[in-house]
Amino acid sequence: SEDLARSVEKAGLAEGKPLDHGLLFFDQDGKKFYLKEYFNEKPLVIGYIFTKCPDVCPNIAASINHAAEIGRQQLGDSFNVLIVGFDAENDTSKNLKGFSERYAKGKGIRFIGSDASTIKALTERTGFFFRKNDGGWFDHMDMATIVDKNGVIYRQIYGIRASEDELVRTLRELVTGVAPEARPVTLVEKI
């Protein structure tokens, strides 16, 4: 849809922007923390779900979980993963915990939620699009936001269910500081 096209553009424009330091979240165990606690430490993967979602979000969470497992095998404990429940009304600690136990049992993935204004502040900054539809569910992007260790948005990855390897590659780039090898220069270009 037009909204989605605009959203992808907005999400792209978010790359290079710092995340807001002052945002307060809670996790699936009810612990409160500020997003800035994740800055100056390690790269961060942010995924987005709502816990009442019947099909897409469980798959998104499972894909991020799987990519994180592969990433940890290759890169050790060199990045963090937060999955944000953007449905402020329903994504309570209890519901986030239930969702995480069903779909993303991996180590080191923290499911988080907050009040509507904090969720709005985060998603406005990252460019993540979601909207409640007539059925009371949400239309939303399938996207993950990769943030560098300084809290700056580094790259958006779309269609996360099909892009696990891209997520791992992007983390490797951030963790090692080495971009993937550029394609070899052709003979014509050399001349």
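Quick caveat: nothing in here was measured; it's all calculated off a predicted structure.

(A) Quick peek at the side chain of R110. Relative to the assigned elements, R110 resides in strand β5 (residues 109–113). For R110, the side chain forms a polar contact with the side chain of D27, separated by 2.9 Å. Polar side-chain contacts of R110 include one of 2.9 Å to the side chain of Y38. Not counting residues within four places of it along the chain, the set of residues in contact with R110 comprises D27, Q28, K31, F33, Y38, V81, L82 and I83.

(B) View of the packing of helix α2 (residues 56–75) against helix α5 (residues 164–176). Viewed as axis vectors pointing N to C, α2 and α5 meet at an angle of 40°, and their least axial separation amounts to 9 Å. Relative to α5, the element α2 lies oblique. Here α2 runs over α5; the crossing is right-handed. Across the interface between the two elements, S63, H66, A67, I70, G71, Q74 and L75 of α2 pack against E164, L167, V168, L171, R172, V175 and T176 of α5. Residue classes in the contact of α2 with α5 are distributed as 7 nonpolar, 5 polar and 2 charged.

(C) Broad picture of the environment of V45. Turning to its location among the elements, V45 is positioned in strand β3 (residues 44–49). Residue class for V45 comes out buried when judged on its relative accessible area of 1%. Look past the residues within four positions of V45 in its chain and what remains in contact with it is I64, N80, V81, L82, A144, T145, I146, L167 and L171.

(D) Highlighting the side chain of K42. Structurally, K42 can be placed in the loop between β2 (32–34) and β3. Within the structure, the side chain of K42 is placed 2.9 Å from the backbone oxygen of D77, a separation counted as a polar contact. Other than its neighbours up to four places away in sequence, K42 contacts D77, S78, F79, N80, D148 and K149.

(E) Up close: the pairing of strand β8 (residues 143–147). The buried count for β8 comes to 5 of 5 residues, which makes it a mostly enclosed element. Because side chains alternate across β8, one face comprises the buried residues M143, T145 and V147, and the other comprises A144 and I146, equally buried. The sheet contact formed by β3 and β8 spans 4 bridges and is antiparallel. Looking across to β8, one finds that G47 is bridged to A144. As paired strands, β8 and strand β9 (residues 153–158) are joined by 5 bridges and run antiparallel to one another.

Analysis parameters
- Residues numbered from 1 in each chain as written.
- Predicted model: local features only at pLDDT ≥ 70, side-chain atom pairs only at ≥ 80, totals over all residues.
- Heavy atoms only, no water.
- Helix = DSSP H or I, 4+ residues; strand = E, 2+ residues; numbered from the N terminus.
- Polar contact = N/O pair within 3.5 Å; in protein donor to acceptor, adjacent residues only side chain to side chain.
- Contact = heavy atoms within 4.5 Å.
- Axes fitted to C-alpha atoms, helices over the stretch in contact; angles between N-to-C directions.
- Parallel < 35°, antiparallel > 145°, perpendicular 65-115°, else oblique.
- Left-handed = near helix turned anticlockwise from the far one by under 90°.
- Nonpolar A, V, L, I, M, F, W, Y, C, P; charged D, E, K, R; others polar.
- Buried < 20%, exposed > 50% of the residue type's maximum accessible area, 1.4 Å probe, protein only.
- Pairing = 2+ DSSP bridges.

All quantities given are derived from atomic positions and should not be read as evidence of function.
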